[in-house]
Amino acid sequence: MKSLTLTGTTVKALRAYFELPASAFGEVIGVTGSTVYRWEATGDAPIKVDPHTAKILQLMIDASKRERTIKRRVYDAFLKHGGLAALYQLLSWQFAKAA
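First, a word on scope: everything that follows refers to the structure included in this document. As the structure is a prediction and not an experimental result, all values here were calculated from the model.

**As for the overall build of the protein**
Inference 1: The helix and strand tally for the protein stands at five helices and zero strands.
Inference 2: For the protein, with 99 residues in total, the buried portion stands at 29%.
Inference 3: Sequence separation of at least 24 residues holds for 64% of the intrachain contacts in the protein that already meet a minimum separation of 6.
Inference 4: For the protein, the accessible area works out to roughly 6800 Å², and carbon and sulfur atoms hold 61% of it.

**Quick notes on the packing of helix H2 (residues 22-29) against helix H3 (residues 33-41)**
Inference 1: The N-to-C vectors of H2 and H3 enclose an angle of 100°; their axes lie 7 Å apart at closest approach. Relative to H3, the element H2 is oriented roughly perpendicular. Along the contact surface, H2 presents Ala22, Ser23, Phe25, Gly26 and Ile29, while H3 presents Gly33, Val36, Tyr37 and Trp39.
Inference 2: Class assignment for the residues of the contact of H2 with H3 results in six nonpolar, three polar and no charged.

Here is what the cut-offs are and how they apply
- Residues numbered from 1 in each chain as written.
- Predicted model: local features only at pLDDT ≥ 70, side-chain atom pairs only at ≥ 80, totals over all residues.
- Heavy atoms only, no water.
- Helix = DSSP H or I, 4+ residues; strand = E, 2+ residues; numbered from the N terminus.
- Buried < 20%, exposed > 50% of the residue type's maximum accessible area, 1.4 Å probe, protein only.
- Contact = heavy atoms within 4.5 Å.
- Areas by Shrake-Rupley, 256 points an atom, 1.4 Å probe, with all protein chains shown as cover.
- Axes fitted to C-alpha atoms, helices over the stretch in contact; angles between N-to-C directions.
- Parallel < 35°, antiparallel > 145°, perpendicular 65-115°, else oblique.
- Nonpolar A, V, L, I, M, F, W, Y, C, P; charged D, E, K, R; others polar.

Structure (structure tokens):
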């Protein structure tokens, strides 16, 4: 996994993307909601996180990038082949994500 420089802006955008309140987002990554708010308040300044939290955040960033990809694949499959093809694309992504 490549090195990641995290900022408060990155954390805020990631939390917004997943539509999680600070407390829930913090629970997922192993910190308190107060810590999430403190990080977000730093704006574009780098924040310090422990290596495990950094790995979780990197996985969430990667998943959000793949999510955009799968949204497009599902949409294209639906337009070209209908609902079953779109469902197949969605289920394929879900099973690959779970593995």
